Amino acid sequence: MHALIIYCHPNSESFSKAILEQVVERLRSQQVGYELIDLYKDEFQPVLTKGELDRYLDTSVNRQGIEHHIEALERCDTLIFIYPTWWYGLPAMIKGWLDRVLVPGVAFKLTEQGAVKPNLQNIKKLAVFTTCGAPRWLSFLIGTPGKKTILRGVRLLCSPWVKTRYAAHYNMDSSTVASRQRHLKVIDRKTRGLCKA
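Throughout what follows, the structure given in this document is the object of discussion. Note that the structure is a prediction, hence the values are computed from the model and not measured.

**Quick notes on the packing of helix 1 (residues 15–29) against helix 7 (residues 177–196)**
With their axes 9 Å apart at the nearest point, helix 1 and helix 7 run at an angle of 35° to one another. As for how helix 1 packs across helix 7, the hand of that crossing is right-handed. In contact with Phe15, Ala18, Ile19, Gln22, Val23, Arg26 and Leu27 of helix 1, helix 7 contributes Arg180, His183, Leu184, Ile187, Asp188, Thr191, Arg192 and Cys195.

If you want it as structure tokens, here you go:
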């Protein structure tokens, strides 16, 4: 197993950082290799530029400027996203990473008829660990678009037998030390499950 963690939070003291530390601790204890891409620390630019859009379909040049991200993606068999859910969805930084990195020839191939063929067959495990200010019932009423983007949309590009894990700490804005500690135990259990799956 080799994991790629895509981490996204602007505050180095956030609970998302505690989740990241819990995941890394479990991976290390299981002697699992991993790579970490910290989007804010790396000052990743999430905006798809006109130049990138112009060369988006040209697989000979559409990797320019994002080679490190693509190489890490191609090396992993486990992809883990850690981020806060804002406005029920993905932070702009994560959405921009998907826009810019999951390009044709990397994440998928286009047939002459325009059909999409999955190309991330190396990814056998996919996880989302997030926090939500809203309660669970409201998140589900809205439809959890962030969760669906990754665990349905990205999942379709991975191995057909990909295993998924999801954990969200709801009511984050009114969380307590106890609720956060309970959630870190859930994260540890789900990460351990990824290591064994």
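**Digging into the pairing of strand 2 (residues 33–38)**
Pairing analysis gives six bridges linking strand 1 (residues 2–7) to strand 2, with the strands arranged parallel. Paired with histidine 2 across the bridge in strand 2 is glycine 33. With helix 1 bridging strand 1 and its parallel neighbour strand 2, the resulting β-α-β unit is right-handed.

**A word on the environment of isoleucine 6**
Examined against the element boundaries, isoleucine 6 turns out to sit in strand 1. Judged by relative accessible area, isoleucine 6 falls into the buried class, the value being 0%. Along the backbone, isoleucine 6 and leucine 20 are 14 residues apart, and their C-alpha atoms lie at a distance of 9.7 Å. Those residues in contact with isoleucine 6, other than ones at most four positions away along the chain, are Ile37, Leu39, Leu79, Ile80, Phe81, Ile82, Ile94 and Trp97.

**A few points about the layout of surface pockets**
Approximately 340 Å³ is the volume attributed to the largest pocket. If you trace the largest pocket, you find 22 residues lining it, with Thr85, Trp86, Thr131, Cys132 and Gly133 closest to the centre. Secondary structure elements with two or more residues in the lining of the largest pocket: helix 1, strand 3 (78–85), strand 6 (125–132) and helix 6 (145–154).

**What about unusual backbone geometry?**
Although it is not a glycine, tryptophan 87 sits at a positive phi angle of roughly 50°. In this structure, tryptophan 87 sits in the loop between strand 3 and helix 4 (92–101). In this structure, asparagine 171 is a non-glycine residue whose phi angle is positive, near 55°. Its place among the elements puts asparagine 171 in the loop between strand 7 (163–169) and helix 7.

**Some points on the nonpolar core**
Membership of the largest hydrophobic core comes to 39 residues, with the highest contact counts inside it found for Ile6, Leu39, Leu73, Phe81, Trp97 and Ile150. Looking at this core, the elements with two or more residues in it are strand 1, helix 3 (67–75), strand 3, helix 4, strand 6, helix 6 and strand 7. Considering every element that reaches this core, the biggest residue donor is helix 4, with five residues. For leucine 39, the residues in contact, after removing those within four places along its chain, are Ile6, Tyr7, Cys8, Phe44, His69, Met93, Ile94 and Trp97.

**Examining the sheet that holds strand 3**
Pairing in this open sheet of five strands is parallel, and the strands run 2-1-3-6-7 from one edge to the other. The sheet is open, and its two borders are formed by strand 2 and strand 7, each paired with just one other strand. Mean inter-strand twist for the sheet, computed between neighbouring axes without regard to direction, equals 15°. With eight bridges connecting them, strand 3 and strand 6 associate as parallel partners. Counterpart to tyrosine 83 in the pairing with strand 6 is threonine 130.

**A closer look at helix 6**
Looking only at helix 6, the buried set comprises Gly146, Ile150, Leu151 and Val154. Take helix 6 and look down its axis: the buried residues cluster within an arc of 110°, on one side only.

Cut-offs applied
- Residues numbered from 1 in each chain as written.
- Predicted model: local features only at pLDDT ≥ 70, side-chain atom pairs only at ≥ 80, totals over all residues.
- Heavy atoms only, no water.
- Axes fitted to C-alpha atoms, helices over the stretch in contact; angles between N-to-C directions.
- Helix = DSSP H or I, 4+ residues; strand = E, 2+ residues; numbered from the N terminus.
- Left-handed = near helix turned anticlockwise from the far one by under 90°.
- Contact = heavy atoms within 4.5 Å.
- Pairing = 2+ DSSP bridges.
- Right-handed = clockwise from strand over helix to strand, strands pointing away.
- Buried < 20%, exposed > 50% of the residue type's maximum accessible area, 1.4 Å probe, protein only.
- 1 Å grid on protein atoms, 1.4 Å probe; cavity = no way out; pocket = protein on both sides within 12 Å on 5 of 7 lines; lining within 4 Å.
- Points joined across faces, edges and corners; volume = space filled by probe spheres on them.
- Core = buried A, V, L, I, M, F, W, Y, C linked by side-chain atoms within 4.5 Å.
- Arc of directions from axis to C-beta.

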